[in-house]
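# Overview (structure and organization)
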Amino acid sequence: MSSKSNSVSSAPGPAPATAAGPVVAFRGVSVGFGGPPVLEDITFSVAPGETRVLLGPAGVGKSVLLKLTNGLLRPDEGSIQLFGKEISRMPEQWLFALRSRAGMVFQEGALFDSLTVRDNVGYQLIQEGVPDETIDRRVRKALRFVELEETFALYPAALSGGMRRRVAIARALIHKPELLLYDSPTGGLDPVTSTTIIDLIVKERDVYHAPSLLVTHRLQDAFTLCTHRFDAEKGHMVPLPKGETDPNTTFLMLEEGRLIFDGTLHGLLHTENKFVREFLE
Amino acid sequence: MAFDTIERTAKKLVLTVQDYSWFAYRAFLNLFRPPIYWPEFLVQADIIGVGSLSIVVLAGLSTGGVLALQSAATLAAFGATEVTGRFVSLTMIRELGPVLTGVMVSGRNASSMASELGSMVVTEQIDAMRALGVDPMRKLVTPRIFSCIVMLFFLTIVADACGIAGGGLVTVFMNHQNGTQYFAMAYEHLRYPDILQGLVKPLFFGYIIASIGCFYGMRTSGGTEGVGRSTIQAVVSSSVIIIFVDFFITQVMLTLFPAP
């Protein structure tokens, strides 16, 4: 994990393993789309096995940052490395292969509405020409992971908002991604459904150990991620012992396009930054 | 104030032309580079070709009939009603068949392409496709352009045939002229350059319809209202450009193959 100038709080807590190099690395990234900067001088990284939770109020540039991570948007300045490759100036054609190694869950699911759940979840496999029987088997396995196997033949229009997000998670997981990007996966959902989604994200983190970058403005979700682990015997997440947090789940916080916090839950709760304090309260 | 508005509009127009040129260039190159998504090509060929068949048949029949009706009165004044067949077939094959089919297909398919792709853009489905490692230009745009070119070519032939048949029906049953003479005149005075001119045009028009429909669809912004805006822009632009390009193709063809 990199620390950013003096504006970023450093906090105690175990550092994640970085021997293999970061999966994602931002260095001085700015983007403005021809107007005032949406993101300014952003520097951080995601290490292998690490889950980074990106916090901030609505409209602060969180989704833009996520789309910069896999090259869906281009920065005006700075460098972005994905799987060790510089992508900020990489031609679109070369990016497709890199992107397919990362899974992304969009804000509203972004399922293809003209395809069934089976074809949505198995989209990448279909494009690769994998035999139908293998696709069916792997799609069912991915749907079982999100507990939606019964939706196999349905169209997205027949699913509720929460079910679409879960199908989107299954689609992101089916290709065994080396990085997962979640764009407000619980946004607009009721508390019960939100908990189901967070349960799945915790399950993914503790079962597959894929590094991830999760965007949210819901503190409760962020804290649940950090204070829970997946219990394979019970089949759902359980709280960690009091005072313990997941060492590989850390936080970033944006304010008006600038990164103002990069650290652990302990650091977040004890920072002196006024904006962070207000956000937490 | 007014000058600022004109400057902004001009800049926007130039930028749109520049973006479209780049988009059309990439789409054109993709037509010759693998992978070609054949299943998508067949689906689009069905939507564009089979789906537009009924309106093209009806438009062709009516236009041919109207041509025969209108020309008969004028030609009768010169005692030349026997050339009705020649007039209808030449007009249909060289001009009205391709242009009419182009405009009809543009109204039906440029709009559907713009709205379909536009909806995919605003619901992040295009981004999702890119995130899954699939190129939307190849997967969505190239099959539409390829099928539109191929199907417009055949639809134009259908429109030409229906137009000549429509003219024949009016000539025989309403103008009470000789049908054999009508079809003989329609056939005998046709030259290969006339047919060539009529078959070259749909290749350009098909490309214009699909590339403009996809272009406006892929640059949609502003939610559902933006989708509606893209649809209108796609239909208006493709229809106007078809008529504009038709003028140039006709000029070039007449220069290359002058009338005897």
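Details of the structure are given in the entry above.
Residues numbered from 1 in each chain as written. Chains lettered and ligands numbered in written order. Predicted model: local features only at pLDDT ≥ 70, side-chain atom pairs only at ≥ 80, totals over all residues. Heavy atoms only, no water.

### A look at the overall build of chain B
- Within chain B, the regular secondary structure consists of eight helices and zero strands.
- Reading chain B from its N terminus to its C terminus gives the helix and strand order α-α-α-α-α-α-α-α.
- For chain B, the C-alpha atoms occupy an extent of roughly 65 × 50 × 35 Å along the three principal directions.
- The buried share of chain B, reckoned over its 260 residues, is 48%.
- Considering only intrachain contacts with a sequence separation of at least 6, the fraction spanning at least 24 residues in chain B is 86%.
- Here chain B has roughly 12700 Å² of accessible surface; of this, 72% comes from carbon and sulfur atoms.
- Taken as two groups, the 16 positive and 16 negative side-chain charges of chain B have centres that lie 5 Å from each other. (Helix = DSSP H or I, 4+ residues; strand = E, 2+ residues; numbered from the N terminus. Buried < 20%, exposed > 50% of the residue type's maximum accessible area, 1.4 Å probe, protein only. Contact = heavy atoms within 4.5 Å. Areas by Shrake-Rupley, 256 points an atom, 1.4 Å probe, with all protein chains shown as cover. Lys, Arg positive; Asp, Glu negative; His and termini not counted. Charge placed at Lys NZ, Arg CZ, Asp CG, Glu CD.)

### Brief notes about the sheet that holds strand β8 (residues 212-216) of chain A
All names here are of chain A.
- Pairing is mixed in the open sheet, where six strands are placed in the order β6-β7-β8-β3-β11-β12. Whereas interior strands pair on both sides, the edge strands pair on one side only; in this sheet they are β6 (102-105) and β12 (258-263). In this sheet, adjacent strand axes meet at a mean angle of 15 degrees when their direction is disregarded.
- Of the strand pairs in this sheet, strand β11 (residues 249-255) and β12 are connected by five bridges, and their pairing is antiparallel. Within the sheet, the bridge partner assigned to F251 lies in β12 and is G263. (Pairing = 2+ DSSP bridges. Axes fitted to C-alpha atoms, helices over the stretch in contact; angles between N-to-C directions.)

### Some thoughts on the packing of helix α3 (residues 84-122) of chain B against helix α8 (residues 223-256) of chain B
Residues and elements named next belong to chain B.
- Two elements in contact, α3 and α8, have axes whose closest approach is 8 Å; the angle formed by their N-to-C orientations is 150 degrees. When the interaxial angle is binned, α3 and α8 end up roughly antiparallel. Taken as a pair, α3 and α8 cross one another with a handedness that is right-handed.
- Residue classes in the contact of α3 with α8 are distributed as ten nonpolar, 13 polar and three charged. (Parallel < 35°, antiparallel > 145°, perpendicular 65-115°, else oblique. Left-handed = near helix turned anticlockwise from the far one by under 90°. Nonpolar A, V, L, I, M, F, W, Y, C, P; charged D, E, K, R; others polar.)

### Some details on the side chain of Q44 of chain B
- Take Q44 of chain B: it is sitting in helix α2 (residues 38-77).
- The residues touching Q44 of chain B, leaving out its near neighbours within four places in the chain, are G49, P143, R144 and S147 of chain B.

### So, the nonpolar core
- Core analysis: the largest hydrophobic core is formed by 83 residues, its most contacted members being F26, I42, F44 and L65 of chain A.
- Among the nonpolar cores identified, the runner-up in size contains 49 residues, and V139, I201, L265 and L268 of chain A belong to it. (Core = buried A, V, L, I, M, F, W, Y, C linked by side-chain atoms within 4.5 Å.)

### Here we look at the packing of aromatic side chains
- In total, this model carries 17 aromatic pairs over all chains according to the counting rule given.
- When the centroid spacing of 5.3 Å and the interplanar angle of 90 degrees are considered together, the rings of F153 of chain B and F154 of chain B count as edge-to-face.
- F154 of chain B sits in the partly exposed class, given a relative accessible area of 45%.
- Members of the aromatic cluster, joined through ring pairs, are Y20, F23, F215 and Y216 of chain B.
- When the ring centre of F83 of chain A is taken as reference, the NZ or CZ atom of R101 of chain A above it lies at 4.3 Å. (Phe/Tyr/Trp six-rings, centres within 6.5 Å; stacked < 30°, edge-to-face > 60°. Lys NZ or Arg CZ within 6 Å of the ring centre and 35° of its normal.)

### Observations concerning the sheet that holds strand β1 (residues 24-31) of chain A
Residues and elements named next belong to chain A.
- A sheet is described by the order of its strands in space; here four strands give the open sequence β2-β1-β4-β5, paired in antiparallel fashion. In this open sheet, the two edge strands, each paired with only one partner strand, are β2 (39-46) and β5 (85-86).
- In this structure, strand β4 (residues 77-82) lies alongside β5, joined through two bridges in antiparallel fashion. Directly across from L82, in β5, lies its bridge partner K85.
- Where helix α1 (residues 62-69) meets the sheet, its contacts fall on β1, β2 and β4, and the angle it forms with β1 comes to roughly 125 degrees.

### Digging into the pattern of salt bridges
All names here are of chain A.
- One pass over the full model with this rule turns up 28 salt bridges over all chains.
- The partner of R74 in a salt bridge is E92, and the shortest N-O contact between them spans 3.7 Å. Here R74 is found in the loop between α1 and β4, whereas its partner E92 is found in helix α2 (residues 92-99), with 18 residues between them in sequence. (Salt bridge = Lys/Arg side-chain N within 4 Å of Asp/Glu carboxyl O.)

### As for the interface of chain B and chain A
- Taken together, the contacts link 17 residues of chain B with 21 residues of chain A.
- Carbon and sulfur atoms make up 54% of the surface buried where chain B meets chain A, a total of about 1600 Å² over both sides.
- Summed over the shared surface of chain B and chain A, the number is three salt bridges.
- The closest approach of N and O atoms between D127 of chain B and K67 of chain A, which form a salt bridge, is 3.1 Å.
- In this assembly, chain B and chain A are joined by eight residue pairs in polar contact (both at pLDDT 80 or more).
- For the side of chain B that touches chain A, the secondary-structure elements that each account for two or more residues are α4 (125-131) and α5 (136-174) of chain B.
- Across the side of chain B that touches chain A, the residue classes tally to eight nonpolar, three polar and six charged. (Buried area = accessible area lost by both parts, 1.4 Å probe. Polar contact = N/O pair within 3.5 Å; in protein donor to acceptor, adjacent residues only side chain to side chain.)

### Some points on α2 of chain A
- Of the positions making up α2 of chain A, those classed as buried are L95, F96, L98 and R99 of chain A.
- Here the buried face of α2 of chain A lies against β4, β5 and β6 of chain A together with α4 and α5 of chain B.

### Examining the packing of α2 of chain B against α3 of chain B
Residue and element names in this part refer to chain B.
- Packing of α2 against α3 brings their axes to within 8 Å, and their N-to-C directions diverge by 145 degrees. Classified by chirality, the crossing of α3 by α2 is right-handed.
- Split by residue class, the contact of α2 with α3 holds 16 nonpolar, ten polar and one charged.

### A closer look at the side chain of Q125 of chain B
- Following the sequence through the fold, Q125 of chain B ends up in helix α4.
- Looking at Q125 of chain B, its side chain comes within polar contact range of the side chain of T123 of chain B, at 3.0 Å.
- If near-sequence neighbours (up to four positions away) are discounted, Q125 of chain B is found in contact with A110, L111, F112 and D113 of chain A together with M120 of chain B.

### A few points about empty space enclosed by the protein
- A complete count under the given rule lists two cavities of 30 Å³ or more for this structure.
- Surrounding the largest cavity, A102, G103, M104, F106, R171 and A172 of chain A together with A128, A131 and L132 of chain B form its lining.
- When contributions to the lining of the largest cavity are tallied by element, the ones reaching two or more residues are β6 and α6 (161-173) of chain A together with α4 of chain B.
- Sort the elements by how many residues they give to the lining of the largest cavity and β6 of chain A lands first, with three residues.
- Within the lining of the largest cavity, the residues separate by chemical class into seven nonpolar, one polar and one charged.
- Forming the walls of the second largest cavity are R94, R191, P193, D194, Q197, M253, L254 and F257 of chain B.
- Those elements that provide at least two residues to the lining of the second largest cavity are α7 (192-218) and α8 of chain B.
- Top contributing element to the lining of the second largest cavity by residue count: α7 of chain B, with three residues.
- Along the lines of polarity and charge, the residues of the lining of the second largest cavity split into four nonpolar, one polar and three charged. (1 Å grid on protein atoms, 1.4 Å probe; cavity = no way out; pocket = protein on both sides within 12 Å on 5 of 7 lines; lining within 4 Å. Points joined across faces, edges and corners; volume = space filled by probe spheres on them.)

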